[in-house]
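Now for the letters of each chain:
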Amino acid sequence: MRPRGCKLLARAARALGNAESSALAALHSGSSSSSPQGTLRRLHTSPSAAAEANTTTTTPTCPSPGDAFLEVPGGKLPFTSAIQFVGGSDSPAPTIPCYRTIDSAGQDVPDAQVPYPLGQDLALRMYTCMARLQTMDTLFYEAQRQGRFSFYLTCQGEEATNIGSAAGLDDKDMVFAQYREQGVLLWRGYTLDQFANQLLGNAQEPGKGRQMPIHYGSPELAYQTISSPLATQMPHAVGAAYAYKMDRLPQVSVAYFGDGASSEGDAHAAFNFAAVLGAPTLFVCRNNGYAISTPAHEQYKGDGIAGRGPMYGIPTIRVDGGDVRAVYNAVVAARARALGLGSGSGSGSPEGSSGGGGAPGPVLIECMSYRCGHHSTSDDSTRYRTSDEMRAWRARDPVARFRTWLVRRGWWDEAQEAVLRRTTRVQVLEALDAASRVAKPPLSTLFTDVYASLPPHLAAQSAQTLDFVRRHPTICPPDVPVQ
Amino acid sequence: MLLTDLPGSALFCCVVEGIVGFGIGLASMGHTPVAEIQFADYIFPAFDQLVNEAAKYRYRSGGTFHCGGLTVRAPYGAVGHGGHYHSQSPEAFFTHVPGIKVVMPSSPAEAKGLLLASIREPDPVVFFEPKMMYRTAVEDVPEGDYMLPLGVARVVVEGSDVTLVGWGQQVLVLQQAAAQLHKQDGIRCEVIDLRTLAPWDSEAVCASVSKTGRLVVAHEAPLTGGFGAEVAATVAQRCFTALESPPGRAREEGKVACFASLGLALFQGGGRMGRRQRAGPDPTRPDSSRMPPPVEGEGGRMGCDTTP
């Protein structure tokens, strides 16, 4: 007979009380019968870790006699008698400060820690790259406005983030960029010709003209081809890092992403996977204040993206993204941590599952800067921000800031500046001219590379397409050869 | 066992788009990850990663990068009590994306050979396993290493009167329908298991229809926009003059209401197949003398599809 009302509740309460002590154990033991010896499935990263896991780690059982902690599969939690909320507007978490070594006036911050000082050669290499990047961006942007190709986006305001981070990496560290990291490519040696070829989609670019401009890629420079969807590259970077870890290679993967992309689900997945699996991934967030037209204060309510890192168990630093030396130092330090060479251990052993202190794992670096340009050539940002704001930030140009710092040291001067800008301008224009004289990829490549080899149905479609074009030659643009 | 023999090679994770994205990253570095989605019903968070990333990885980079080592496995199909979210057959969504391959085995021995081929295939493969067969199928599976070719269909039963095309757990249903039709009406059905849906073996199906003159495609997934439409349209175009009747798709009625009754309806699938065939072609055509006249009032829960 079905119990009713109070009797039902009483029976439920008794059942719950009996079940609680063994339910948690049964949850992970995989059996339906209660067992106090439930063993957690721990993620294995080495033979010894596997053996260790079989002997159990945190095993949920009956409450300990002292009842001092709540022991659950997630860990050992102290109790509190206070009903207190953490976070939110009443009790916000403290804001993570910004690491900075060169101030807005281009002077050394007196007490700044600079574990990796810049020698003259490295500093000049970084500066010339930043200046070339700035000039290249300006000219390519103008060329798009003139109709020479269909689309462009600049990284103006973020030159220090691009170059400082690139300089702090190993050249073989695999980069998974979003789309505003052309400076990383430039640092690694992507030539102006290569940029121009991709922008014009000609037959010399390895992407065979299939993607929009700025979707660069280069296996030789360990820079994965850009895709348009946001944040999809972040879990890829974690998988690549795990490949390095499995293969025992001393490399990290790098995932660049913006403040807007960090709101995507893939970002959360990537952070969590990397943390749990101990994947040596550098997450470099370019927080430039805007996601197209969404300002950062409408993108998140917490402490930016850096505030999330510790919650995933990821060591995190926030950096002045306009200070190239700070970015460089943060990335070099982060890289060592990600490899498990961080403070306290030089072994670089692949054991364990968290970054820093001898175990490989992810590190999060949030570079704070400002997107000086429009989102892209398809955007007019005067529609959602004031000219005053843009002007104020242009005055904080990271390239100018570093130049001032160099000039103070006597490592650079106006004459060298003029020569650099002039020669870069000439080179960019020459590259564009040369690229425009190269033919487009032939139509016959339209169906290749969909699969490793052409399947019958695509071969048939390809044949039909080419046959149609031959019979109607005006269909095909004049600069696209058929075969 | 992967866990004990190869520590670190099996991971337990809980974020579907993360699983597939992570697998893509591993594959882009030359590894061969096998990513499992616990039920095909839960694959959709990874749809962006599969469609926009995995499928396009090679093409968009001009072949300079690829993630061909990736295989994504997921159990699919109704078992009777799974409801909306443990029963789906989402294969049609993925066949529509150039760049990935879609494979669906119909038996244990098929599954082993096709899975090994999928893992070794230099393209990302989505592999849907018929979950009903996990516990119901009994078959001798050859030990040792063997592969079955992708993109090649299998003629399961030879016949001369009508071509029945299916995949996954539906192949067994087609076999049962063929046996029933043969026994009751002397109709000889040719049953084809496509095995791979993308790319699919249109040559084999068209060769069969050129011989039989009739086609019925059957699948568990909803009728509208299902992969049966791709097969039927291709056959209609390529075998038009050989066809005695329009290519048909057997309807999976009642898919909307996923209750236990649906399970019964599916298990009656063999019967529905039979009724579909008997309804067959135009009785005024000369060859229709081989087919019995349309049967009215067959009764049964789901009714009878008598459209020719």
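So, how was this worked out
- Residues numbered from 1 in each chain as written.
- Chains lettered and ligands numbered in written order.
- Predicted model: local features only at pLDDT ≥ 70, side-chain atom pairs only at ≥ 80, totals over all residues.
- Heavy atoms only, no water.
- Contact = heavy atoms within 4.5 Å.
- Buried area = accessible area lost by both parts, 1.4 Å probe.
- Salt bridge = Lys/Arg side-chain N within 4 Å of Asp/Glu carboxyl O.
- Polar contact = N/O pair within 3.5 Å; in protein donor to acceptor, adjacent residues only side chain to side chain.
- Helix = DSSP H or I, 4+ residues; strand = E, 2+ residues; numbered from the N terminus.
- Nonpolar A, V, L, I, M, F, W, Y, C, P; charged D, E, K, R; others polar.
- pLDDT = per-residue confidence, 0-100.
- Pairing = 2+ DSSP bridges.
- Axes fitted to C-alpha atoms, helices over the stretch in contact; angles between N-to-C directions.
- Domains from an automatic or database assignment.

So, about the interface of chain A and chain B. Facing 46 residues of chain A, the contacting portion of chain B comprises 40 residues. Contact between chain A and chain B buries roughly 3600 Å² in total, counting both sides, with carbon and sulfur atoms accounting for 67%. There are zero salt bridges connecting chain A and chain B. Where chain A meets chain B, there are 15 residue pairs in polar contact (both at pLDDT 80 or more). Sorting elements by how many residues they give to the side of chain A that touches chain B places helix 7 (residues 233-246) of chain A first, with nine residues. Of the residues assigned to the side of chain A that touches chain B, the class counts are 25 nonpolar, 15 polar and six charged.

Turning our attention to the confidence of the model for chain B. Residues and elements named next belong to chain B. Taken over all residues, the pLDDT of chain B has a mean of 84, while the share at 70 or more is 77%. Predicted confidence for residues 253-271 stays below pLDDT 50, and this span has 31 contacts to residues more than four positions away or in other chains. Per-residue pLDDT stays below 50 along residues 280-308; that stretch engages in 42 contacts with residues further than four places along the chain or on separate chains. Quick note on the complex model: pTM equals 0.84, ipTM equals 0.84.

Another point: the sheet that holds strand 10 (residues 363-368) of chain A. Residues and elements named next belong to chain A. Pairing within the open sheet is parallel, and its six strands lie in the order 3-9-10-6-5-4. Bordering the open sheet on either side are strand 3 (98-99) and strand 4 (174-176), each of which pairs with just one other strand. Taken together, the six bridges between strand 6 (residues 281-287) and strand 10 define a ladder with parallel strand orientation. When the bridges of strand 10 are listed, Arg-286 appears paired with Cys-367. Lying over the sheet, helix 4 (residues 159-168) contacts strand 5 (253-258), strand 6 and strand 10, oriented at roughly 170° with respect to strand 5. Helix-sheet contacts for helix 7 involve strand 4, strand 5 and strand 6, and the interaxial angle to strand 5 is about 170°.

What follows is about the domain arrangement of chain B. Residue and element names in this part refer to chain B. Annotation of chain B at the domain level lists domain 1 (2-136) and domain 2 (154-301). On the domain 2 side, the residues contacting the 25 residues of domain 1 number 26 residues. For the pairing of domain 1 and domain 2, the buried interface totals around 1900 Å² over both sides, and the portion due to carbon and sulfur atoms is 59%. With a closest N to O distance of 2.7 Å, Arg-195 and Glu-110 form a salt bridge. Summed over the shared surface of domain 1 and domain 2, the result is 12 residue pairs in polar contact (both at pLDDT 80 or more). Here the residues of the side of domain 1 that touches domain 2 sort into 13 nonpolar, eight polar and four charged.

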